[in-house]
Amino acid sequence: MILVDVRTPQYLGLAMDFTQAETDSIDSAKKAVAEMLTRPDQLERLDQYRRKVSRKKATVESQLRNAIQTQLDGVDKGLGSLREAEALVQEVKESTNEVEQLYQQCADLSDVVRPIKDVNRRHQQLQTTNIHIHNIFNVPTVVQETYDLIREGRLLEAHRNLSELEHTRDELLIQLYQSEDAFVDKNTSLHHYFEPLIGLSDALGQTLWMTMDQMTKLVVSDRRKVVTALRIVEREERADKLVAEMLLEKNVPGSQLPGRPKKWKDKCFEILGTSISNKFEELQPQEIDRME
């Protein structure tokens, strides 16, 4: 039930509006009657006028009732929706309380499942080791073969071998860094075992930089060598991005992986810029002499 203070300015203004409307209606009715009864003979049709006005009044009252009923139906529907919403809110509140109680009951489960997590982590480490077992046992042999491929100029094959070994190393190191019970530094046996890969990567890089430095000549005499070098640089750029994404996903600091990121693309552009600048400096005196 809604209580209204009749002394409020809003209520007083509304009452004055109703009074004014009633006065205007009476005045309008008087004018209408005066217009209908302007001659004496029109008094004979007074009953007809009365019935006409009554029908019109009944029509207006019916329209008003319909409008009010429509409004009431809308209000009733709105109230029903509010009641349903209130019931849903109460249901959600009860469900939230139940979830909170369940969460409190599960707070001690982390200690219970910790042994399972440890076993799962060890299983993942063993699975990773098993996948790369061939590369692990053949690191010294593959490193030597890769050095031979670099000397023979078979750079794509050399880079494939290097990439496989680096992938094996990175997978094993990431698994090691994720071990909660392992203290990892750069002096572990795993680091020492894969340490030759750093020198191998530097050797391949030096070969590529020599190619980049001679690009202005090689694009004419041996374009295949230039394309090979650029393909390797592009692959290493993709490898840097993939490793960075993997480290972020595994929550492992990027500085923990030796040799990453290589940023060979930046190095390539740097050497190309220096080579082209030197070439221009060599050609400038010749161009001046030719113009003279």
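Here the structure is a predicted model, which means the values were calculated and not measured.

Novice: Can you break down the packing of aromatic side chains residue by residue, with the values?
Specialist: Applying the stated criterion across every chain yields a total of 2 aromatic pairs. Ring geometry for Tyr-193 and Phe-194: centres 5.4 Å apart, planes at 90°, overall edge-to-face. On the basis of relative accessible area, Tyr-193 is assigned to the partly exposed category, the value being 34%. On the numbers, 5.6 Å between centres and 80° between planes, the contact of Trp-209 with Trp-264 is edge-to-face.

Novice: Could you give me a rundown of helix α10 (residues 223-250), with the residues and numbers involved?
Specialist: Here α10 contains 28 residues, and its C-alpha end-to-end distance of 41 Å stays within 8% of the 40 Å for a straight helix at 1.5 Å per residue. All of the buried residues along α10 are Val-226, Thr-228, Ala-229, Ile-232, Val-233, Glu-236, Ala-239, Asp-240, Val-243 and Leu-247. Remark: Asn-251 follows α10 within two positions and exhibits a positive phi of approximately 60°.

Novice: Give me the lowdown on the side chain of Asp-240, citing residues and values where you can.
Specialist: One can find Asp-240 in helix α10. Excluding its chain neighbours within four sequence positions, the residues that come into contact with Asp-240 are Arg-260, Pro-261, Lys-262 and Lys-263.

Novice: Just give me the short version of the pattern of salt bridges, but keep the residues and values in it.
Specialist: It is possible for side chains of opposite charge to pair when their charged atoms get near one another. The full count for this structure, using the stated rule, is 10 salt bridges. Residues Glu-166 and Lys-262 are paired through a salt bridge, measuring 2.8 Å at the closest nitrogen-oxygen approach. Linking Glu-166 in helix α6 (residues 155-177) with Lys-262 in the loop between α10 and α11 (264-291), this pair joins segments that are 96 residues apart in sequence. In this structure, Glu-236 engages Lys-262 in a salt bridge whose closest nitrogen and oxygen atoms are separated by 3.4 Å.

Novice: So, the nonpolar core: which residues are in play, and what are the values?
Specialist: Among the nonpolar cores identified, the biggest contains 28 residues, and Leu-208, Trp-209, Met-212 and Trp-264 are the most heavily contacted of them. Put simply, the parts of the chain that give this core at least two residues each are α5 (139-151), α6, α8 (196-213), α9 (215-221), α10 and α11. The element best represented in this core is α8, accounting for 6 residues. Aside from chain neighbours lying at most four places away, what touches Trp-264 is Ser-201, Leu-204, Gly-205, Leu-208, Trp-209, Ile-232, Val-233 and Glu-236. Leu-173, Ile-174, Val-243 and Leu-247 belong to the second largest nonpolar core, which has 7 residues in total.

Novice: Quick one: what's the story with a positive patch on the surface, residue by residue and with numbers?
Specialist: A cluster of like positive charges, contributed by Arg-51, Lys-52, Arg-55 and Lys-56, occupies part of the molecular surface. Looking at the secondary structure, you find Lys-56 in helix α2 (residues 46-105).

About the thresholds
Residues numbered from 1 in each chain as written. Predicted model: local features only at pLDDT ≥ 70, side-chain atom pairs only at ≥ 80, totals over all residues. Heavy atoms only, no water. Phe/Tyr/Trp six-rings, centres within 6.5 Å; stacked < 30°, edge-to-face > 60°. Buried < 20%, exposed > 50% of the residue type's maximum accessible area, 1.4 Å probe, protein only. Helix = DSSP H or I, 4+ residues; strand = E, 2+ residues; numbered from the N terminus. Expected span 1.5 Å × (residues − 1). Contact = heavy atoms within 4.5 Å. Salt bridge = Lys/Arg side-chain N within 4 Å of Asp/Glu carboxyl O. Core = buried A, V, L, I, M, F, W, Y, C linked by side-chain atoms within 4.5 Å. Patch = residues over 30% accessible without salt bridge, like charges linked within 9 Å, V, L, I, M, F, W, Y side chains within 5 Å. Areas by Shrake-Rupley, 256 points an atom, 1.4 Å probe, with all protein chains shown as cover. Lys, Arg positive; Asp, Glu negative; His and termini not counted. Charge placed at Lys NZ, Arg CZ, Asp CG, Glu CD.

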